[in-house]
Number of protein chains: 2
Amino acid sequence: MEILKGKPVADAVCIDVTKRVEDLKNNGICPKLAIVRVGEKPDDIYYESGAKKRMESVGIDVLSVVLPADIAQDTLEAKISEINGDASIHGILLLMPLPKAIDENRIKSLISVEKDIDGLTRESMVSLYEGTANGFAPCTPSAVMELLEYNKIDVSGKRVVIIGRSLVVGRPLSMLMLAKNATVTVCHSRTKDLPAVCRDADILVAAVGRARMVTADYIRQGAVVVDVGINMDDEGKMCGDVDFDSASGVAGAITPVPAGVGSITTSVLAKHVVIAAERSAR
Amino acid sequence: MEILKGKPVADAVCIDVTKRVEDLKNNGICPKLAIVRVGEKPDDIYYESGAKKRMESVGIDVLSVVLPADIAQDTLEAKISEINGDASIHGILLLMPLPKAIDENRIKSLISVEKDIDGLTRESMVSLYEGTANGFAPCTPSAVMELLEYNKIDVSGKRVVIIGRSLVVGRPLSMLMLAKNATVTVCHSRTKDLPAVCRDADILVAAVGRARMVTADYIRQGAVVVDVGINMDDEGKMCGDVDFDSASGVAGAITPVPAGVGSITTSVLAKHVVIAAERSAR
């Protein structure tokens, strides 16, 4: 049984990104990400700090846009439009959820698709659905694809079962998998006999948000198990959607939590910023 | 083994639509569909004639817009914009493919989402993908859902396998099925051991475009088989993607071709026009 750690994948992505950043800089373009944070939520600050460090490590500039939690809708809209219009910025990371008084969908829809490196906009979604490569997928499903590719796990023709149908993981991942010619099944809370459906999978992806729900009886002998969940168990310990101890007796390969898919997302974010910068140069 | 014919479904849809058209007319709104045909292709004329008859039978007005095959891009664009702006028209049916000299994607994108009763635009697609009910799905996948609903075949929790991933049937149908809580698998030409995957299905939908490809060995005993294919066999006889004689020995219920799903599509079109007209009245 192989443990598929995130770090070597993240490192490989970063080596590639660093090289591309250098090429861009040699052509007079300095890739730059704007991180928009509204308020002082600890989760946001933590994620922002990690993303910032990652960008700096690969040579991408970061503009931190920190706005008060009680910001007015139109002020925030004006700010997003300003960043959209700034040609020196190639990507926009909007930390969410936004405060409840804000119409989040409206704000998201303002981000121009070219800078939507976290795949939030409807324009990005439809390019995923259509299978065109104009937009970006959200970072977590992109990280899953990077992990499989790095480990030379070809999905073409394989049976991929995804537990979860959210717009941030399940749905976009199903589209990315379909684009790579996987045979894709999407499961969810209403699926009957979920373990049996999951046992059909060559590659099982858990993105459901329930601590250690996926046990050995969900897994076909030798299958690849990718755990996208990030949960806290009753003892306050971080764990995935997969019961690692149980699953690792059956799976052929499995990602751990922490130190799995989650540790690849900021590298993918950096990659998306570089791609956006490369496209802007054309 | 039950044969699931299209006609009773179409009839039921039309009874409902007729009633809703009357209600609209009592409120001073006459639902109206514009059919845009470019050139004189026999297939287009045939489909237009069927759609027209259907609309008339339920009391929906039709405006036939027939344009020359050598129309200029900007003239066609202006025409679409004109129809978009005409408040008396509630739906637009654009017959495709358009002549090769025309940028079809550009023309499609001009249709306003409110009038896009055949689900062609990216805006309609993303509303399907997101699971919001703002747009319309294309008529064929909608017809499949009508057929199942009419026959009281609940898809919730069931295993639905769709062969085909096109933007007109496979993909939109997967989204409609997911919205109804089916466990959805999408197969295609690269799927390994397709018969085995299909045998997992409680409901199998064939939308692949290969004459009589799906035989008894693709079907679990008692499964529902929905045949979306319309093909001509070597003898010039119309047939589906399913080998009816072979499949009917195993399936619990099966749609015929012709006289199956295909005979529901124009009724669904009428239903979409009425829904568009109802929305315009709000």
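The rules behind these values
Residues numbered from 1 in each chain as written. Chains lettered and ligands numbered in written order. Predicted model: local features only at pLDDT ≥ 70, side-chain atom pairs only at ≥ 80, totals over all residues. Helix = DSSP H or I, 4+ residues; strand = E, 2+ residues; numbered from the N terminus. Rg over C-alpha atoms; globule rule 2.2 N^0.38 Å. Buried ≥ 20, exposed ≤ 12 C-beta atoms within 10 Å, placed from the backbone. Core = buried A, V, L, I, M, F, W, Y, C linked by C-beta atoms within 7 Å. Contact = placed C-beta atoms within 7 Å. Pairing = 2+ DSSP bridges. Axes fitted to C-alpha atoms, helices over the stretch in contact; angles between N-to-C directions. Least-squares fit on C-alpha atoms with pLDDT ≥ 70 in both. Domains from an automatic or database assignment. Parallel < 35°, antiparallel > 145°, perpendicular 65-115°, else oblique. Nonpolar A, V, L, I, M, F, W, Y, C, P; charged D, E, K, R; others polar.

### A short note on the overall build of chain A
What chain A contains, in helices and strands, is 10 helices and 11 strands. In terms of overall size, chain A behaves like a compact globule, its C-alpha atoms giving a radius of gyration of 19 Å where 282 residues would be expected to give roughly 19 Å. Projected onto the principal axes, the alpha-carbon positions of chain A cover approximately 50 × 45 × 35 Å. Residue burial in chain A is summarised as follows: out of 282 residues, 47% are buried.

### Examining the nonpolar core
If you look at the biggest cluster of nonpolar residues, it comprises 171 residues, and the most contacted ones within it are Leu204(A), Val205(A), Leu204(B) and Val205(B). Residues in contact with Val205(A), not counting those within four places in the same chain, are Val144(A), Val160(A), Ile162(A), Ile163(A), Leu173(A), Val226(A) and Val228(A).

### Observations regarding the interface of chain B and chain A
On the side of chain A, 23 residues touch chain B, which itself brings 23 residues to the contact. Pairing of strand E6 (residues 183-187) of chain A with strand E6 (residues 183-187) of chain B, which is carried by three bridges, proceeds in the antiparallel orientation. When the sheet's bridge partners are listed, Val184(A) is paired in E6(B) with Val186(B).

### Observations concerning the sheet that holds strand E2 (residues 32-38) of chain A
Residues and elements named next belong to chain A. Ordered in space as E3-E2-E4, the three strands form an open sheet in which the pairing is parallel. With partners counted over all chains shown, the strands left at the sheet margins are strand E3 (61-67) and strand E4 (91-94), one partner each. Each strand of the sheet is rotated relative to its neighbour by a mean of 20°, with strand direction disregarded. As judged from the seven bridges shared by E2 and E3, these two strands associate in the parallel manner.

### Some words on the relation of the copies chain B and chain A
Think of it as a corkscrew move, a rotation about one axis and a shift along it, taking one chain copy to the other. For the pair chain B and chain A, the superposition axis carries a translation of 0.0 Å, the fit reaches an RMSD of 0.0 Å, and the rotation angle comes to 180°. What the rotation and shift describe, once combined, is the action of a two-fold rotation axis. Minimal C-alpha distance to the rotation axis in chain B is attained by Thr185(B), lying at 2.0 Å. Interface overlap between copies is the fraction of interface residues in one copy that are interface residues in the other; for chain B against chain A it reaches 100%, indicating a shared surface.

### Comments concerning unusual backbone geometry
Residue Pro258(A) is bonded to the preceding Val257(A) through a cis peptide linkage, with omega at -5°. The residue Asp193(A) is not glycine, and still its phi comes out positive at about 45°. Note that Asp193(A) resides in the loop between E6 and helix H8 (194-198). Residue classification places Asp193(A) among the exposed positions, given that 11 C-beta atoms sit within 10 Å. The phi torsion at Ala259(B) lies on the positive side, around 80°, for a residue other than glycine. Counting through the fold element by element, Ala259(B) comes out in the loop between strand E11 (253-254) and helix H10 (265-280).

### Quick word on the domain arrangement of chain A
Accessible area lost when the parts come together is the quantity often used to give the size of an interface. Segmenting chain A into domains produces domain 1 (28-114) and domain 2 (139-262). Relative to domain 2 of chain A, the C-alpha centre of domain 1 of chain A lies at a distance of 29 Å.

### Digging into the sheet that holds strand E5 (residues 159-163) of chain B
Hydrogen bonds along the backbone pair up the strands of a sheet, which may run parallel or antiparallel. In space, the 12 strands of this open sheet follow the order E1(A)-E11(A)-E8(A)-E7(A)-E5(A)-E6(A)-E6(B)-E5(B)-E7(B)-E8(B)-E11(B)-E1(B), with mixed pairing throughout. Bordering the open sheet on either side are strand E1 (2-3) of chain A together with strand E1 (2-3) of chain B, each of which pairs with just one other strand. Along the sheet, helix H7 (residues 170-179) of chain A contacts strand E5 (159-163), E6 and strand E7 (203-206) of chain A together with E6 of chain B; its crossing angle with E6(A), the most-contacted strand, is approximately 170°.

### Let's talk about the environment of Ile102(A)
Residue and element names in this part refer to chain A. Its place among the elements puts isoleucine 102 in the loop between E4 and helix H4 (104-110). Once the C-alpha coordinates of isoleucine 102 and glutamate 77 are considered, the two residues, 25 residues apart in sequence, prove to be 10.0 Å apart. Excluding residues that lie within four positions of it along the chain, isoleucine 102 makes contacts with Gln73, Leu76 and Ile107.

### Some words on the environment of Thr183(A)
Within the secondary structure, Thr183(A) sits in strand E6. Overall, the presence of 28 C-beta atoms within 10 Å leaves Thr183(A) in the buried class. Once residues within four sequence positions are removed from consideration, Thr183(A) is found in contact with Gly157(A), Lys158(A), Arg159(A), Val160(A), Thr185(B), Cys187(B), Thr191(B) and Val197(B).

### Here we look at the packing of helix H1 (residues 7-26) of chain A against helix H6 (residues 139-150) of chain A
Geometrically, a packed helix pair is captured by the angle between its two axes and the distance between the axes. All names here are of chain A. Put simply, H1 and H6 touch, their axes get as near as 10 Å, and they point 95° apart. One element, H1, and the other, H6, form an angle in the roughly perpendicular class. On the side of H1, the interface is formed by Pro8, Val9, Ala12 and Val13, while H6 contributes Glu146, Leu147 and Tyr150. A class-by-class count of the residues in the contact of H1 with H6 yields six nonpolar, no polar and one charged.

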